Amino acid sequence: APILFTINNSERMRIDSSGDVLIGTTSSSNSKLTVFGTDAAAVFQGTNTGTGSGQGFTVGNNGNVNSFVWNYENGFIHFGAGGAERLRIHSNGEISTGGITNPTGVFCVNTGSGTTQANTLELRRSGSNDYHALSLFTGTTVDWSVGQNSLNAFEVYENGSAGQTRFTILNGGN
């Protein structure tokens with residue numbers, strides 16, 4: 001039988017027979033913790049974050065289809081795997097990988113050391129007839145693109161008002 005927690009005869013939480021904790025619902029999601037509600041979130045606060053709304057770190061769902069990870073403090077969020085930091089989102093919005101703690105640009109990738117393909121930033125395309133590139137924007141206008149076109153040629157393309165290829169290396173090197 002489940003253990004029920006009630007306030008004014010209204011169930012607020014239960015621990016079901018398999019040990020799963022359900023808050024705001026009586027239907028198990030087959031996870032150890034299920035939180036349900038219009039703002040289903042977990043808030044983590046510490047001695048340096050303050051208490052109450054808009055303080056600490058929040059993970060949740062806004063009752064719609066959107067989910068969020070939110071740090072209200074002036075600190076970073078880091079993600080780790082294999083016992084090491086792999087990705088960091090800094091409080092100013094900069095993103096860094098591979099343990100870089102002081103990026104000088106908005107997106108800094110540590111490709112590590114070595115001379116193999118494992119030390120590259122990789123862009124993939126679904127098929128050989130697809131175009132893929134690195135594009136440089138001003139606002140929502142593409143100024144330049146550098147990449148591989150649908151004919152497997154490498155090109156530098158000016159997308160602005162001129163909209164033309166400026167440099168091409170054809171498949172085979174010519």
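Small disclaimer: the values here were computed from a predicted structure and weren't measured. (Residues numbered from 1 in each chain as written. Predicted model: local features only at pLDDT ≥ 70, side-chain atom pairs only at ≥ 80, totals over all residues. Heavy atoms only, no water.)

Asks: It is not clear to me how the overall build of the protein chain should be interpreted in this structure. Could you clarify?
Replies: Summing up its helical and strand segments, the protein chain has zero helices and 15 strands in all. Over its C-alpha atoms the protein chain spans a radius of gyration of 25 Å, topping by over 25% the 16 Å that the globule rule assigns to 174 residues. With the C-alpha coordinates of the protein chain rotated into their principal frame, the extents come out at 80 × 40 × 35 Å. The buried share of the protein chain, taken over its 174 residues, is 16%. Taking the intrachain contacts of the protein chain between residues at least 6 apart in sequence as the baseline, contacts between residues at least 24 apart amount to 4%. Of the roughly 12400 Å² of accessible surface on the protein chain, 53% is carried by carbon and sulfur atoms. Each charge class in the protein chain was averaged separately, 8 positive and 12 negative side chains, and the resulting centres sit 6 Å apart. (Helix = DSSP H or I, 4+ residues; strand = E, 2+ residues; numbered from the N terminus. Rg over C-alpha atoms; globule rule 2.2 N^0.38 Å. Buried < 20%, exposed > 50% of the residue type's maximum accessible area, 1.4 Å probe, protein only. Contact = heavy atoms within 4.5 Å. Areas by Shrake-Rupley, 256 points an atom, 1.4 Å probe, with all protein chains shown as cover. Lys, Arg positive; Asp, Glu negative; His and termini not counted. Charge placed at Lys NZ, Arg CZ, Asp CG, Glu CD.)

Asks: I would appreciate a short explanation of the packing of aromatic side chains in the present structure.
Replies: Given two aromatic rings, one states the distance between the centres and the angle between the planes to describe the pair. All chains considered together, the criterion is met by two aromatic pairs. Ring centres of F44 and F57 lie 6.3 Å apart, and the angle between their planes is 40°; this geometry places the pair in the tilted category. You can see F44 sitting in strand β5 (residues 40-44) and its partner F57 sitting in strand β6 (residues 57-61), a full 13 residues away along the chain. Relative accessible area serves as the criterion here: at 25%, F57 is assigned to the partly exposed category. When the centroid spacing of 5.8 Å and the interplanar angle of 45° are considered together, the rings of W70 and Y72 count as tilted. Residue classification places W70 among the partly exposed residues on the basis of a relative accessible area of 46%. Overall, Y72 belongs to the partly exposed group, its relative accessible area being 40%. One residue, R88, lies across the ring of F76, its end atom 3.7 Å from the ring centre. (Phe/Tyr/Trp six-rings, centres within 6.5 Å; stacked < 30°, edge-to-face > 60°. Lys NZ or Arg CZ within 6 Å of the ring centre and 35° of its normal.)

Asks: Looking at this structure, how should I read the sheet that holds strand β11 (residues 107-108)?
Replies: Hydrogen bonding along the main chain pairs the strands of a sheet, whether they run parallel or antiparallel. Overall, mixed pairing links the four strands, which are arranged β8-β9-β10-β11 in an open sheet. Each edge of the open sheet carries a strand with a single partner, namely β8 (77-81) and β11. Where β8 and strand β9 (residues 84-89) come together, five bridges link them in antiparallel fashion. By the bridge assignment for β9, G80 is matched with E85. (Pairing = 2+ DSSP bridges.)

Asks: Would you explain the sheet that holds strand β7 (residues 67-71) in this entry?
Replies: If you walk across this open sheet you meet the three strands as β5-β6-β7, and the pairing is antiparallel. Strands with a single pairing partner mark the edges of an open sheet, and in this sheet they are β5 and β7. Pairwise comparison of adjacent strand axes, ignoring direction, gives a mean angle of 10° for this sheet. (Axes fitted to C-alpha atoms, helices over the stretch in contact; angles between N-to-C directions.)

Asks: I'm lost on the side chain of R14 in this one. Help?
Replies: For R14, the position within the fold is in strand β2 (residues 10-15). Side chain to side chain, R14 and E11 meet in a polar contact 2.7 Å long. For R14, the contacting residues outside a window of four places in its chain are P2, I3, L4, F5, D20, V21, L22 and T26. (Polar contact = N/O pair within 3.5 Å; in protein donor to acceptor, adjacent residues only side chain to side chain.)

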